Protein chains: 2
Amino acid sequence: MDFEQSNLNTRIVLREYLPRGVISESYFSVDKSQAVPDADSLASEQILVSVGALSMDPHLRLFITASDPDKPPSPSGPHSLHPLGEAMSSIGVGTVVASKSKKFKVGDRVRATATPWQQFAVFHDHLVEKLPGDETVALEDYIGVLGMPAFTAYLGVVTLGQAKAGETLLVSAASGAVGQMVVQLAKARGLTVVGVAGSDQKTAYVSKIGADAVLNYKTCGDFEQAIRSVAPQGIDIYFDSVGGEFLDAALLNLNARARVILCGSMTTFGADKSTVKGVKNLDSLIMKEVVMRGLFYQPHVGTQAEADFIEEASQLVKQGAIHFKTDVREGLESAPQALADLYSGNNFGKLIIRL
Amino acid sequence: MDFEQSNLNTRIVLREYLPRGVISESYFSVDKSQAVPDADSLASEQILVSVGALSMDPHLRLFITASDPDKPPSPSGPHSLHPLGEAMSSIGVGTVVASKSKKFKVGDRVRATATPWQQFAVFHDHLVEKLPGDETVALEDYIGVLGMPAFTAYLGVVTLGQAKAGETLLVSAASGAVGQMVVQLAKARGLTVVGVAGSDQKTAYVSKIGADAVLNYKTCGDFEQAIRSVAPQGIDIYFDSVGGEFLDAALLNLNARARVILCGSMTTFGADKSTVKGVKNLDSLIMKEVVMRGLFYQPHVGTQAEADFIEEASQLVKQGAIHFKTDVREGLESAPQALADLYSGNNFGKLIIRL
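All of these numbers come straight from a predicted model, not from anything done at the bench. (Residues numbered from 1 in each chain as written. Chains lettered and ligands numbered in written order. Predicted model: local features only at pLDDT ≥ 70, side-chain atom pairs only at ≥ 80, totals over all residues. Heavy atoms only, no water.)

## Description of the overall build of chain A
Thought 1: In terms of helices and strands, chain A carries nine helices and 15 strands.
Thought 2: Taking 355 residues into account, the globule formula puts the C-alpha radius of gyration at 20 Å, and chain A, at 22 Å, falls close to it.
Thought 3: Across its three principal directions, the C-alpha atoms of chain A cover 65 × 50 × 35 Å.
Thought 4: For chain A, with 355 residues in total, the buried portion stands at 52%.
Thought 5: Counting only contacts in chain A whose residues sit at least 6 apart along the sequence, the fraction spanning at least 24 positions is 68%.
Thought 6: The distance from the centre of the 32 positive side-chain charges to the centre of the 39 negative ones in chain A is 4 Å. (Helix = DSSP H or I, 4+ residues; strand = E, 2+ residues; numbered from the N terminus. Rg over C-alpha atoms; globule rule 2.2 N^0.38 Å. Buried < 20%, exposed > 50% of the residue type's maximum accessible area, 1.4 Å probe, protein only. Contact = heavy atoms within 4.5 Å. Lys, Arg positive; Asp, Glu negative; His and termini not counted. Charge placed at Lys NZ, Arg CZ, Asp CG, Glu CD.)

Next up, the structure:
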């Protein structure tokens, strides 16, 4: 988008908070009352960004939904509510068009966790991240196939998992946002991949994107035996997003010097710990010198690992070697309906607004 | 010992298997019927070693005790019995006095897991390990203060634990063979150390060798609270030898990027898993990116880590900075009585036979 194209800065503004469970584009309005900020008006350490694409994510609901429909929304709730009358925000990417920051120059491509839904936005330079890679990578890919789930997958498979061709990787929640990238990054590096998911439809998708073997954990019976039956050679990397009993069974199928990546724990996060079944097989890690690592992507943002990830994954994208479904909508004005579609399931793939 | 001192090769020979639970020096005999092997008689890849010291260890009982006192000992039992009429063997160290191996030269100092109880012994070169360090380290120290428990402690604190001055280390079984070395190696590197043991006598010893704080797990009450009360700054390294509930409580006291070293699991090894209480707090490892590693010393033998360990630990020994109790007996003939003393508790410290 040309910086000079318009002197009005279109914004999507939150008009009122939504009642619980309901979402509709009518809660937003298109605002064209403000001018595009003048480059000269930037304060020191500020940059002006032309927003290129916005990510529509499930967690946005937390910031726009009244916690109690019978009471006025309270900003002191568990999540601070987005201010009414201000442009809505979500993860977004864009290009620097003016800078009073030493860290950024015009033309730099950036990503921000809280990007306002407007054509141009002013950021303090510590709230945006400079994107690695070059112009051959599409800007919207940084919130799509190269976004946080894919980076998390890369960190688990490569940076922490130290995957080597010929090894065997087991991944739970294999059809999920992270899991499907784990499958494909591991296959691209020459590993044998076993994917686990909770329906035959999901396991069929996991096979389609390259897994050598799949398990439906709801129908496979005893986990330890089921894993062994599809991977009698043993597991070198287990990418875990579920914790609990499946993790415990996976531990009994590990090879010496295996790596276990703890990325999520659907079965125990937020659960009453008195009802959780504990993991009993940690002692099996000792003689095999297994390494188990917690994985959280945030501390790795801006590291060499992220640059390496962008380089490797963007090559795979160019080669058509990665399946990643997106549902791209054109124009800022499409954002409210896109968000409503996300919550009603009227999307097919990762929802992205391209400005 | 001078190679030429005697042409008779004194040996301690196992005469008969012991009944269960009984041990006595009468089950051994001193044999002087064989000549010292001639250097010329060595086959290719063999070395002749002058044995310098022997380690007396609890597990030796497995090889000399009749599994059923009413039946003749069977070599097909769970542990192969040591052959009668042959020199007994245990972990030992010595000096090469003749070599037809490319790997060893005369003067090299070596350690072997199965060292015959005799003055001179012939080994195939793949059954002995060349010892790092120089002559300023006493040979017997390699089965004492520089032996396997200390090396295990070093691997956990330094190689896998990556201990840094100023960090806080928690160690269970802190008065044990490994634990007391963990305490001292960590203190020598400038860490704050919390030692856990199961009696006030043991915790007093752990304090004496340098721990900054101690916990008696039998009387401290709720583990999670007890750990927090003595280490409110949080734990950077947890050296675990117990597993189970104490491990689970320790996980809730870890700092970001903490390391958990799994070295043993007294509460679950060999236990009926249906009665074991599982570990429920593995999900707390994720956001903190904690690393949990199984530790087994064997794969690290002969690595640079072992050489580094010998260098650092032998310096500490010379400086008198390490407490390590030994009970050294003089002469090969003292071995049978030493072994009997080990099983009756008539020793004070690690039992070593110096030849």
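Let's pick the thread back up.
## Details of the packing of aromatic side chains
Thought 1: Scanning all chains against the criterion turns up 12 aromatic pairs over all chains.
Thought 2: Taking 5.7 Å as the distance between ring centres and 70° as the angle between the ring planes, the aromatic pair formed by F296 of chain B and Y297 of chain B counts as edge-to-face.
Thought 3: Look at F296 of chain B and you get partly exposed, because its relative accessible area is 24%.
Thought 4: By relative accessible area, Y297 of chain B is classed as partly exposed at 23%.
Thought 5: Taken together through their ring pairs, the aromatic side chains of F151, Y154 and F309 of chain A make up a single cluster. (Phe/Tyr/Trp six-rings, centres within 6.5 Å; stacked < 30°, edge-to-face > 60°.)

## Section: the sheet that holds strand 9 (residues 192-197) of chain B
Thought 1: On the basis of which strands lie adjacent, the open sheet formed by 12 strands has the order 10(A)-9(A)-8(A)-11(A)-12(A)-13(A)-13(B)-12(B)-11(B)-8(B)-9(B)-10(B) and mixed pairing. Only two strands of the sheet have a single neighbouring strand rather than two, namely strand 10 (213-216) of chain A together with strand 10 (213-216) of chain B. Shown here is a sheet whose adjacent strand axes are inclined to one another by a mean of 15°, direction ignored.
Thought 2: Pairing analysis gives four bridges linking strand 12 (residues 254-262) of chain A to strand 13 (residues 291-294) of chain A, with the strands arranged parallel. The partner of I261 of chain A across the bridge, within strand 13 of chain A, is R293 of chain A.
Thought 3: With respect to the sheet, helix 3 (residues 177-188) of chain A is in contact with strand 8 (168-171), strand 9 (192-197) and strand 11 (235-240) of chain A, its orientation differing from that of strand 8 of chain A by roughly 170°. (Pairing = 2+ DSSP bridges. Axes fitted to C-alpha atoms, helices over the stretch in contact; angles between N-to-C directions.)

## Looking at the confidence of the model for chain A
All names here are of chain A.
Thought 1: Averaged over every residue, the pLDDT of chain A is 88; the share at 70 or more is 92%.
Thought 2: In this model, residues 72-78 is a region of pLDDT below 50 whose contacts with residues beyond four sequence positions or in other chains number five contacts.
Thought 3: This prediction of the complex comes with two scores: 0.78 for pTM and 0.75 for ipTM. (pLDDT = per-residue confidence, 0-100.)

## A few points about the relation of the copies chain A and chain B
Thought 1: Least-squares fitting of chain A to chain B yields an RMSD of 0.2 Å, with the transformation described by 0.0 Å of translation along the axis and a rotation of 180°. Look at the turn and shift together and you get a two-fold axis relating the two. Considering only C-alpha atoms, the residue of chain A closest to the rotation axis is G278 of chain A, which sits at 1.8 Å.
Thought 2: In this assembly the copies share their binding face: 100% of the residues contributing to the interface of chain A also contribute to that of chain B. (Least-squares fit on C-alpha atoms with pLDDT ≥ 70 in both.)

## Notes on the interface of chain A and chain B
Thought 1: At the interface, 31 residues of chain A touch 31 residues of chain B.
Thought 2: Together, the buried faces of chain A and chain B total about 2,700 Å²; carbon and sulfur atoms form 59% of this surface.
Thought 3: Seen at the junction of chain A and chain B, the total is zero salt bridges.
Thought 4: Applying the counting criterion to the chain A and chain B interface returns 10 residue pairs in polar contact (both at pLDDT 80 or more).
Thought 5: Considering each element in turn, the side of chain A that touches chain B owes the most residues, four residues, to strand 13 of chain A.
Thought 6: Looking at chain direction, strand 13 of chain A and strand 13 (residues 291-294) of chain B are connected through three bridges and run antiparallel. (Buried area = accessible area lost by both parts, 1.4 Å probe. Salt bridge = Lys/Arg side-chain N within 4 Å of Asp/Glu carboxyl O. Polar contact = N/O pair within 3.5 Å; in protein donor to acceptor, adjacent residues only side chain to side chain.)

## Side note on the nonpolar core
Thought 1: Within the largest apolar cluster, 52 residues are counted, with the highest numbers of intra-cluster contacts made by Y238, L282 and M292 of chain A together with Y238, L282 and M292 of chain B.
Thought 2: The residues contacting L282 of chain A, other than those within four sequence positions of it, are L251 and M292 of chain A together with L247, L262, V279, L282 and M292 of chain B.
Thought 3: Grouped together as the second largest cluster of nonpolar side chains are 45 residues, L146, A153, A305 and I352 of chain B included. (Core = buried A, V, L, I, M, F, W, Y, C linked by side-chain atoms within 4.5 Å.)

## Regarding the pairing of strand 10 of chain B
Residues and elements named next belong to chain B.
Thought 1: Judged from the four bridges that link them, strand 9 and strand 10 form a sheet pairing that is parallel. Each bridged residue has a counterpart across the sheet, and for V196 the counterpart in strand 10 is L215.
Thought 2: After leaving strand 9, the chain enters helix 4 (residues 200-208) and then returns to the sheet as strand 10, a path that is right-handed. (Right-handed = clockwise from strand over helix to strand, strands pointing away.)

## Focus on helix 2 (residues 148-160) of chain A
All names here are of chain A.
Thought 1: Taken as a whole, helix 2 carries its principal kink of about 30° at Y154.
Thought 2: Within helix 2 the residues assigned to the buried category are A150, F151, T152, A153, Y154, L155, G156, V157, V158 and L160.
Thought 3: In the core, the buried residues of helix 2 are packed alongside strand 8, helix 3, strand 11, strand 12, strand 13 and helix 8 (304-318).
Thought 4: Just past helix 2, the residue Q162 takes up positive phi, approximately 50°. (Bend = angle between axes of the 7 residues up to and from the residue.)

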